[in-house]
Each structure stands twice: as C-alpha cells, then as structure tokens.
Amino acid sequence: MSSSRQDPPSVVHRQDYAAPAFLIDNVDLCFDLDPAKTRVLNKMRLRRNPAQPAQALRLDGEELQLARVLLNGAGCSFKIEGCQLVLENLPTDDDPFELEIFSTCAPEKNTHLMGLYVSQGTFFTQCEAEGFRRITYFLDRPDVMASFSVTLRADPAQYPVLLSNGNLVEQGTLPDGRHFARWVDPHKKPCYLFALVAGQLVAREQRITARNGSEHLLQIYVRPGDMDKTEHAMASLIASVAWDEARFGLALDLERFMIVATSDFNMGAMENKGLNIFNAKYVLANSSTATDADFAHIESVVGHEYFHNWSGNRVTCRDWFQLSLKEGLTVFRDQEFSMDLCADASARAVKRIEDVRVLRTAQFPEDAGPMAHPVRPDSYAEINNFYTVTVYEKGAEVVRMMQTLVGRAGFAAGMKRYFERHDGSAVTCDDFAQAMADANPHSDLERLLPQFMRWYSQAGTPRLHARGEYDAAARSYTLTFSQSCAPTPGSAPKEPFVIPLTLGLLDADGRELPLQLAHESCATVGSRTLVLTEASQRLTFVNIDAQPLPSLLRGFSAPVLLDFDYSDEQLLGLLACDSDPFNRWEAAQRLTLRRALHAVLASGAPTREPLDAACLHALRAVLRHPELDAAFKELVLTLPSENYLAEQLDVVDPPRIHAVREAMRTQLAQALHDDWVWAYENHKDSGAYRPDPRSSGRRALAGLALGMLCLAASENDPSTLRPGQAQDRPSSGQAVWPGKALQRFKDAGNMTDRFNALSALVRSGQPLAQDALARFHALFKHDALVLDKWFAVQAGAPERTGQVLPVVRQLMAHPDFNLKNPNRARSLIFSYCNANPAAFHRSDAAGYVFWSERVLEIDGFNPQLAARLARALDRWKKLAEPYRSAAREAISRVAAKTDLSKDVREVVTRALTD
C-alpha cells in the first residue's frame with residue numbers, strides 16, 4: 001500500500017513532535033526469503049505508553065501485501081488508511097499485548113533500494129530513514145527501541161550465508177531442505193538499524209582481544225573473487241575498534257561485528273547494529289584497483305560506521321530532526337580518528353585542510369541556496385533530502401567547536417557523561433550539548449550554552465568581518481570584529497553566534513609575537529583562542545612594537561566566512577612564514593582567488609596571464625621548499641575550483657570562469673615548467689605501495705606535476721588548441737610529456753599513478769588520451785568500481801569545443817553503463833551535471849535538457865537518487881543570462897510532472913520559490 005505520487009507532500013514539523021502512543025518491547029521476525037515474494041511473519045509485544053492519551057495504534061507500511069493480523073492469538077478488526085495499518089479496539093490497560101502480522105513483499109522489484117531488495121542475487125536491506133516500513137508494518141520512528149530476534153529461512157544453494165543483527169544463536173536444516181539461521185540482538189534498537197543479508201558471500205575474518213580482555217570476531221563479507229580487496233578495510237576496522245576504546249573508553253559490545261559490501265547502494269554505508277552494510281566502493285581496495293583517495297575514504301567510512309556503534313546505536317535520535325546528533329558527532333569522530341592515525345603534525349594539517357575544503361565547496365553553497373536549513377532542521381517533506389553536508393559536515397564543525405571550548409580532555413569527559421546519562425535512549429542535540437556542558441562546569445561552553453545552541457537552530461554561514469588598527473604611540477594593536485548572517489528561506493533575523501576564534505600575530509620577519517590583551521597581566525606566545533559572542537567586539541593587544549601581521553581563524557576554528565582586507569604583501573607573508581598550515585594554505589587560496597575574480601569581472605576576453613610575477617614566485621617557493629610536506633604542496637598548488645569561484649560572485653558565467661581558471665592553470669604550467677619537471681622526477685617513485693600519508697602525498701604531487709607538464713605541452717600542440725586560440729612558441733622539452741604520461745600509464749605499479757597519468761592526458765586534451773582510455777577499459781572492464789573511474793574521468797573532462805555532452809550521451813549507450821546502479825549513475829551523470837560546470841552550463845541549454853531528462857527518468861525507479869541529482873541546479877538564480885532563464889525552464893519542466901516523488905518535488909519546489 002502506498003500513497004499516490006500525485007498527493008501533495010505533507011510537511012513534518014519539529015515542534016509537532018509527540019512521544020509514541022505505544023511502545024514495542026520485543027520483536028520476533030521470521031523471513032522466508034524469495035526474490036519474487038518474501039514472506040514476513042512479525043510477532044510483536046507492545047504496550048501503551050502511559051505518558052500519552054489513549055488512541056489507535058497506527059503502524060507504517062509501504063508496498064506490502066497484508067495477509068493476516070492477530071491480536072493475542074485471535075483475529076481482530078483493522079483498517080488501512082493511506083500507508084498505515086490502524087487498530088483501534090486494543091486493550092485499554094497498560095498490560096502488554098501480542099500482535100502478529102503476516103505480510104509479503106517483492107524484493108526483486110524494489111528499485112528504490114530502501115527496505116528489502118535484491119542486488120546481483122543477494123538480499124540486502126536499507127532501513128534508514130524510513131525503509132523498515134517496506135519490510136513489515138511497524139512503528140517506523142527512531143524513538144521506538146525494541147529487542148529483536150530474527151529467523152532467516154532460504155535455499156542453501158542460492159543463499160548459503162544468512163546474516164542479521166547481533167549474535168548467531170542457532171542454525172540448521174529444515175525438513176523441506178532449506179536452511180535457517182536465528183540471530184538475537186542483545187541491545188534494544190530502533191527499526192532503522194535492522195538489517196539482513198542473504199546470499200553467496202565469502203568472509204575475511206579476524207579475532208581480536210579488546211583492552212578489557214573480551215574477545216570478538218570481526219568479519220568482512222564480499223562476493224567471491226573480491227577477498228583480495230578486503231585487507232585494508234579489515235585493518236581500518238581493527239584500528240577503529242582500538243581507537244574508540246583508547247580515546248573515549250568505548251568498547252565493542254557484541255561477540256561479532258560484520259561488514260557486508262554491495263554494489264547497489266544509495267549511500268556510502270549503513271551502521272546497522274553489528275551488521276554494517278557498505279557500498280562496495282568503501283570496502284574493496286588493493287593497489288591495482290584503488291587510488292590513495294579510495295584507501296583514505298575506506299579508512300574514514302569504516303571508522304565512521306563503527307563509531308556509530310555508540311554514537312547513533314547505543315544512543316540514538318529521538319526524531320529525525322536530531323539527525324546531526326549522531327551524524328555530526330560521528331563525522332567529527334571519524335575526522336579525529338583519521339588525524340590521530342597520522343604520524344606527524346603536517347599530515348594532520350593536510351587532513352584538516354581537506355575536510356575544510358569539502359565544507360566550503362559543498363556546505364557553504366547549501367547554506368546560501370534554496371535547500372538551506374539549520375544543522376537541526378525545523379521541517380521537512382522528505383527526510384531523505386536532509387542527509388546533507390549541513391547535517392554531516394557542518395554538524396561536525398559544531399561538535400569540533402565544543403571540543404575547542406572545553407579542550408580535548410574536557411570533550412572526553414563530556415562524551416563519558418553523555419553515554420552514562422543516555423545509554424539505551426533516544427535523545428536530542430540539546431541532550432548531547434547539555435551533557436558536554438555539565439561535564440565541564442565553568443567552561444565557555446557551559447557559560448554560553450544557550451547562545452551556542454544557535455549553531456543548531458540558525459541556518460546560514462556567519463560572515464565575520466575583521467579589521468586591524470595599529471597605534472604606534474600606545475604600542476597596541478586593535479582588532480575589531482563584527483558578525484552577520486544572510487537571510488535563508490523561511491528564517492527569522494539571525495542572532496549572534498558563539499565563534500571560537502584562534503589567532504596569532506606575526507612580526508615583520510614572520511615570527512610569532514607574544515599576545516597580551518589590554519586587561520591581562522602577562523603575555524602568552526603562539527596561538528590563542530578567543531570567543532566572540534557579540535554582533536561587534538574589539539580586542540586590543542598591548543606591548544606591540546610595530547605593525548603586526550594578523551593570522552586569523554587558524555585551523556579554521558569556526559565554520560565562518562572571514563572578511564579581512566589583506567594586502568597582497570600580507571598574504572604573501574602568511575604564505576611564506578605562518579606557522580599555521582591552514583592559514584598558509586588559505587593565503588595561497590586568497591591570492592589566486594583574488595586574481596581569478598579580477599579576470600572574470602574584467603571586460604573583454606579573459607586575459608591569458610591572470611597570475612602576476614609575485615604570485616608565481618610565491619607558488620614556486622612553496623613547490624621548491626625543502627621542508628614542506630609533498631601533500632601540503634599539492635594542496636597549495638591546486639587552484640580554487642570553478643564551483644568555489646562561482647560562489648564568490650553575485651552573477652555567474654560558468655564558461656567564463658572556466659576560461660579564466662584554465663588560463664591560470666596553463667600559465668602556472670608554463671611559468672613553472674622546470675619546477676614541475678623537478679617535482680615529478682623527485683616524487684614519482686614512492687617505493688613499494690603503501691597508502692600512508694607520506695607516500696600518498698608524494699604520489700599526489702607527482703600526479704599534479706605530470707598534469708601540469710601535459711597541459712603545458714598541449715598549449716603548443718595545434719591538435720589541442722581551442723577555436724581561436726593562438727599557438728605559443730614551443731618550449732624546449734615540453735612536447736615529450738604526453739608520451740611520458742602514456743608510458744607512465746602503461747608501466748604504473750598502482751592505480752594512483754595509473755589514474756593520475758590517465759587524468760593528465762584527458763584533462764589536457766591530448767590525442768593520446770584516447771589510446772589510454774581504450775587500454776584502461778580493456779584492463780579493467782570486469783571491475784565495476786574501476787570502470788566507474790573510467791566513466792567519471794570522461795564526464796569530467798574540461799570543456800573545449802562542446803564535446804563533453806555528446807560523449808556523455810554516447811557513454812550512456814555503452815554496454816557497461818547501467819543507470820539503475822547508483823555508483824554508475826553518479827560516475828557519469830553526476831560527474832557531468834554536478835562537477836563539470838562549463839560543460840553542463842551550455843548556451844544552447846542542452847545540458848539542462850539532459851539534466852531534466854535524467855532526473856525524471858531516475859525518479860521513476862529511485863527517487864532518492866533522483867533528488868540528489870535534482871540539486872545540481874540549486875544555485876540557478878545566480879546564473880547570468882541566457883543560462884538563468886534556461887535553467888528555470890528546465891526546473892519548471894521537472895516540476896510540471898504530476899507524479900513526481902515527494903523527494904524530487906520538495907527539491908524543485910524549493911528551487912523555484914522566490
């Protein structure tokens with residue numbers, strides 16, 4: 001049973017929350033697994049919630065065929081209202097009662113990939129947020145926590161492995177030849193954490209002994225043939241278990257912990273209690289098939305899902321508005337995990353910069369767009385649309401600010417208080433913050449908690465304006481700060497945030513100055529964190545002998561936009577001397593961003609040399625610096641993305657932005673040619689493959705250098721010139737690099753080097769790219785995850801002559817393309833629409849037509865995936881003409897379809913709302 005797509009979506013409001021009218025103590029599920037018709041017997045022990053008035057029991061269910069309902073073993077009256085099974089004549093006292101529901105579902109027809117579905121002959125489940133109602137009728141809400149026991153019955157030849165949550169207590173053969181397995185979860189959980197898997201799988205196993213002496217079995221299940229790609233995932237899982245117990249005293253609480261990989265999955269992974277189900281791309285890796293970035297993502301995602309065992313499972317959300325309670329906290333935990341695994345401070349800084357780059361390129365635009373919402377949203381039509389970078393990444397930054405305000409030890413004490421107070425409960429973001437404050441009396445967080453909670457309730461990115469004034473006579477330096485936050489859809493005027501500001505002052509030689517505020521009796525050397533709480537504040541530092549250079553927002557201590565009118569000379573000074581790696585990187589970003597914006601906004605055709613000599617000299621100095629880490633150099637020498645450049649403009653012309661950025665890349669490639677040769681030759685060999693930060697950094701810098709050298713060569717090759725582009729005089733030695741890149745591609749001993757060489761050829765438009773692409777496909781045509789890279793690199797190729805969209809359409813007809821596989825759809829369609837703005841935003845609107853066709857097509861079978869794609873035009877109102885009008889027309893075309901899913905309907909309606 002399901003509601004019609006033509007029904008207007010109802011909006012759920014946080015303020016309307018009410019505790020459940022009924023509680024479920026125990027659930028006993030029995031599955032007779034069949035792809036066409038799975039039979040589900042659901043036996044529940046329920047009772048009325050004495051805190052709520054008497055009312056009917058309403059159980060959620062979608063796409064189910066109901067066969068039987070028994071109350072205390074006897075037939076009973078019931079009715080179906082929309083997507084709910086309603087029972088009214090229930091016992092009126094508080095005593096428990098038994099409810100038995102028998103229903104069927106069709107997993108092989110479930111293309112939504114929510115609930116119970118089949119992927120390549122194996123059964124999987126995905127129940128968060130509201131997928132359990134597609135399995136059986138239930139109180140499908142996170143604040144109903146029950147004890148689950150599960151029996152799975154299936155054909156042993158087709159489904160030899162039968163898995164569910166908790167501990168395996170019984171297994172055997174049935175009289176009809178099928179086999180069964182019974183699982184019991186010792187911990188109560190909400191139904192969104194339920195999971196089952198059944199299929200032909202093999203497992204890597206590892207037994208471990210925890211610090212407390214308990215023994216556990218870790219298992220990673222994959223399809224036969226993939227076992228050799230599970231070593232890194234297992235190592236990451238072992239490291240996660242050890243880290244959580246060492247850092248926070250949180251031990252594994254089950255006899256076994258399982259991870260299962262699937263090729264068809266809408267998300268990255270799911271933290272089902274004891275039985276995590278993963279997108280295969282976050283499990284499978286070896287040096288031949290996975291890049292350094294893949295290895296890093298696996299480490300992070302394995303950690304993230306394991307850490308949910310406590311922050312999300314043992315303590316979960318009261319309602320879905322509290323989603324960041326588990327996701328923001330757990331993203332912070334996985335970030336800290338990855339940084340703690342780094343061997344040195346430089347690697348930690350690189351990880352921090354990478355995290356901030358994601359926040360600023362993905363979350364800041366969301367804060368400024370039609371889907372802007374607080375970390376704790378106030379309303380939604382479809383909760384799946386709010387699994388966002390705001391809830392996850394910005395939520396993690398809010399948690400990080402808590403740690404900044406109470407210190408590392410204080411944060412650990414707050415975590416201890418939180419789990420002691422709320423273990424086994426469904427709670428709110430306020431409960432977490434209160435526990436953190438209570439564990440740290442007299443801290444800034446405890447003192448400012450009501451104001452700090454505005455980070456959860458107010459949408460938008462705060463803008464922090466700062467200016468400095470030096471008083472030579474008084475030997476003082478005053479920083480004046482004012483904060484503001486732009487309006488967001490449906491929001492009231494914003495009140496001031498609590499902003500932890502970490503800063504330092506440098507002298508003319510780049511040395512740290514002692515910091516002493518006017519009211520203090522002594523100075524401290526190095527960074528200090530001060531807390532801003534007012535709309536406007538002044539900080540005066542004394543005993544300053546000369547004009548200092550301020551280093552503000554060190555380590556990106558708060559998720560804000562910082563406005564400080566740095567001169568070029570000051571930015572060059574920070575890039576050369578600042579002890580804070582983040583601000584050193586940020587200085588390079590500001591220098592190149594300033595020049596890019598100047599070229600974009602200038603009249604006439606974009607200049608071919610946007611970078612001045614001082615900027616090039618500074619970047620060369622970083623590249624040649626004998627002490628800086630290779631990974632850090634690669635970050636500094638990578639220009640701001642086209643999407644990030646677009647967010648700095650009021651009116652966006654994507655092709656012009658692309659032209660300017662390509663001109664900057666070309667200039668950087670040519671002006672630093674000999675330096676790129678040095679970088680490549682000195683970093684191309686990193687020894688036996690290891691995905692550690694140092695080795696990965698060397699490969700990253702070598703890859704960037706090879707890309708630059710191929711780009712420099714392309715500018716002197718007539719076959720790669722854009723229409724109207726003049727040919728430069730060939731530089732000595734440049735023409736050999738495309739051939740060297742192809743040879744590197746052929747000889748590479750690992751996927752990172754191979755894919756870097758392929759990308760260098762594709763991104764520079766080299767004719768040899770076609771040979772490399774053909775070879776790549778021939779080598780890896782039987783590896784789905786590697787083929788995703790092959791599709792993505794072509795969809796993301798720089799636009800030169802309008803060639804990208806025809807290639808994308810052609811690739812959609814390729815035998816290896818499957819639109820119904822989320823990974824494959826993301827690799828091609830999303831790479832084009834979301835990550836290649838110059839190719840997507842075409843003056844003939846063909847990119848928008850393609851987008852609307854794909855949104856409507858995908859919405860027909862997977863609304864969640866379609867809604868993600870629909871957000872590619874969130875920022876259409878910033879576009880220059882003719883793109884703006886054409887984009888609106890495309891969105892309106894999607895919105896006009898009467899039977900849109902509520903997922904897509906919410907996105908396009910909000911996009912069109914003025």
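Being a predicted model, the structure only gives us computed values, none of them experimental.

Engineer: How do you make sense of the overall build of the protein chain when you look at a structure like this?
Structural biologist: Helix and strand counts for the protein chain come out as 27 helices and 34 strands. Computed over the C-alpha atoms, the radius of gyration of the protein chain is 28 Å, within 12% of the 29 Å expected from 2.2 N^0.38 for a compact globule of 914 residues. With the principal axes as the frame, the protein chain shows a C-alpha extent of 85 × 70 × 60 Å. Within the protein chain, the proportion of its 914 residues that are buried is 60%. Partitioning the contacts of the protein chain with sequence separation of at least 6, the portion at a separation of at least 24 is 71%. Accessible area for the protein chain stands at about 34300 Å²; split by element, carbon and sulfur atoms hold 50% of it. Of the charged side chains in the protein chain, 100 are positive and 113 negative, and the gap between their average positions amounts to 2 Å.

Engineer: How do you make sense of helix α27 (residues 902–912) when you look at a structure like this?
Structural biologist: Since one α-helical turn is 3.6 residues long, residues separated by three or four positions face the same way. Burial of α27 is extensive: eight of the eleven residues sit out of reach of the surface. When α27 is considered as a whole, its buried residues turn out to be D903, V904, R905, E906, V907, V908, A911 and L912. On its buried face, α27 sits against β24 (379–380), α24 (846–859), α25 (863–870) and α26 (883–895).

Engineer: Could you clarify how one ought to interpret the pattern of salt bridges in this entry?
Structural biologist: Pairs can form between side chains of opposite charge whenever their charged atoms are close. Following the criterion strictly, the structure yields 71 salt bridges and no others. The residue D378 makes a salt bridge to R14 at a minimum N-O spacing of 3.0 Å. Placement of the pair is D378 in the loop between α4 (345–367) and β24 and R14 in the loop between β1 (12–13) and β2 (22–32), with a sequence separation of 364 residues. When its relative accessible area of 36% is taken as the criterion, D378 is described as partly exposed. By relative accessible area, R14 is classed as partly exposed at 25%.

Engineer: Help me understand the environment of L879 in this model?
Structural biologist: Among the secondary structure elements, L879 is positioned in the loop between α25 and α26. L879 gets classed as buried once you look at its relative accessible area, which sits at 7%. For the pair L879 and T752, spaced 127 residues apart in sequence, the C-alpha separation works out to 36 Å. Aside from chain neighbours lying at most four places away, what touches L879 is V651, V652, P654, H841, Y848, R884 and A887.

Engineer: Would you mind showing me how to read the sheet that holds strand β32 (residues 536–542) here?
Structural biologist: What holds strands together in a sheet is hydrogen bonding between their backbones, with the strands either parallel or antiparallel. The mixed open sheet is built from four strands, whose spatial order is β32-β27-β26-β34. Where the open sheet ends on each side, the last strands, each with one partner, are β32 and β34 (561–564). Averaged over neighbouring strand pairs, the angle between their axes works out to 20 degrees when direction is ignored. By the bridge criterion, nine bridges tie strand β26 (residues 463–471) to strand β27 (residues 476–484) in an arrangement that is antiparallel. Its bridge partner lying in β27, L464 is registered against Q483.

Engineer: Help me out: how do you make sense of α25 in this one?
Structural biologist: Within α25, seven of the eight residues are buried, which leaves the element mostly enclosed by the surrounding structure. Inspection of α25 places P863, Q864, L865, A866, A867, L869 and A870 among the buried residues, and these make up the whole buried set. On its buried face, α25 sits against α22 (822–833), α24 and α27.

Engineer: Could you clarify how one ought to interpret the nonpolar core in this entry?
Structural biologist: Looking at soluble globular proteins, one finds that nonpolar side chains tend to be buried together. Counting 292 residues, the largest nonpolar core has F411 and W851 as the members making the most contacts within it. In terms of residues, this core owes the most to one element, helix α5 (residues 389–422), which gives 13 residues. If sequence neighbours within four positions are ignored, F411 has contacts with F248, L329, F332, V399, M402, Q403, V406, F432 and M436.

Engineer: Is there a simple way to think about the pairing of strand β3 (residues 38–48) in this case?
Structural biologist: Across a regular strand the side chains alternate sides, sitting on one face of the sheet and then on the other. Taking every second residue as pointing to the same face, the buried face of β3 carries T38, V40, N42, M44, L46 and R48, while none of R39, L41, K43, R45 and R47 on the other face is buried. Relative to β3, β2 runs antiparallel, the two being bridged by ten bridges. Along β3, the bridge assignment pairs L29 with N42. Between β2 and β3, which pair antiparallel one after the other, the connecting turn spans five residues. Pairing geometry for β3 and strand β9 (residues 97–105), over nine bridges, is antiparallel. Bridged to M44 within β9 is L99.

Engineer: Explain the sheet that holds strand β8 (residues 84–87) to me, please; I cannot follow it from the model alone.
Structural biologist: With antiparallel pairing, three strands are arranged side by side in an open sheet as β4-β8-β7. With partners counted over all chains shown, the strands left at the sheet margins are β4 (57–60) and β7 (79–81), one partner each. Between one strand axis and the next, the sheet turns by 30 degrees as a mean value, whatever way the strands run. Relative to β8, β7 runs antiparallel, the two being bridged by three bridges. Bridge pairing in β8 links E81 to Q84.

Engineer: Is there a simple way to explain unusual backbone geometry in this structure?
Structural biologist: With the exception of glycine, the majority of residues adopt a negative phi angle, and the majority of peptide bonds are in the trans configuration. Omega for the bond connecting E128 with A129 falls within 30 degrees of zero, at 5 degrees, which places this linkage in the cis form. Residue placement: A129 occurs in the loop between β11 (122–126) and β12 (145–154). Here the amide bond leading from E881 into P882 is cis, since omega sits at 10 degrees, within 30 degrees of zero. Checked against the element boundaries, P882 lands in the loop between α25 and α26. Phi is positive for H442, which is not a glycine, with a value near 75 degrees. Inspection of the secondary structure assignment puts H442 in the loop between α6 (429–438) and α7 (444–452). H442 sits in the exposed class, given a relative accessible area of 79%. One non-glycine residue, F556, lies in the positive phi region at around 55 degrees. Its place among the elements puts F556 in the loop between β33 (549–552) and β34.

Engineer: Please clarify how the packing of helix α16 (residues 693–714) against helix α18 (residues 751–763) should be interpreted in this entry.
Structural biologist: For any two helices packed against each other, the geometry comes down to the angle between their axes and how far apart the axes lie. For the pair α16 and α18, interaxial distance at closest approach is 8 Å and the crossing angle is 20 degrees. By the angle between their axes, α16 is roughly parallel relative to α18. In the crossing of α16 with α18, the sense of the turn from one axis to the other is right-handed. Packed against α16, whose contacting residues are R699, G703, L706, G707 and C710, the element α18 presents T752, D753, N756, A757, A760 and L761 at the interface.

Engineer: Looking at this structure, I do not really get the packing of aromatic side chains. What am I missing?
Structural biologist: Given two aromatic rings, their pairing is described by the distance between the two centres and the angle made by the two planes. According to the stated counting rule, one finds 39 aromatic pairs in the structure shown. On the numbers, 5.5 Å between centres and 50 degrees between planes, the contact of F556 with F582 is tilted. Of this pair, F556 sits in the loop between β33 and β34 while F582 sits in helix α10 (residues 581–601); the two residues are 26 residues apart in sequence, bridging distant segments of the chain. Judged by its relative accessible area of 1%, F556 is buried. Where F582 meets W585, the ring centres are 5.6 Å apart and the plane angle is 50 degrees; that geometry is what we call tilted.

About the thresholds
Residues numbered from 1 in each chain as written. Predicted model: local features only at pLDDT ≥ 70, side-chain atom pairs only at ≥ 80, totals over all residues. Heavy atoms only, no water. Helix = DSSP H or I, 4+ residues; strand = E, 2+ residues; numbered from the N terminus. Rg over C-alpha atoms; globule rule 2.2 N^0.38 Å. Buried < 20%, exposed > 50% of the residue type's maximum accessible area, 1.4 Å probe, protein only. Contact = heavy atoms within 4.5 Å. Areas by Shrake-Rupley, 256 points an atom, 1.4 Å probe, with all protein chains shown as cover. Lys, Arg positive; Asp, Glu negative; His and termini not counted. Charge placed at Lys NZ, Arg CZ, Asp CG, Glu CD. Salt bridge = Lys/Arg side-chain N within 4 Å of Asp/Glu carboxyl O. Pairing = 2+ DSSP bridges. Axes fitted to C-alpha atoms, helices over the stretch in contact; angles between N-to-C directions. Core = buried A, V, L, I, M, F, W, Y, C linked by side-chain atoms within 4.5 Å. Parallel < 35°, antiparallel > 145°, perpendicular 65-115°, else oblique. Left-handed = near helix turned anticlockwise from the far one by under 90°. Phe/Tyr/Trp six-rings, centres within 6.5 Å; stacked < 30°, edge-to-face > 60°.

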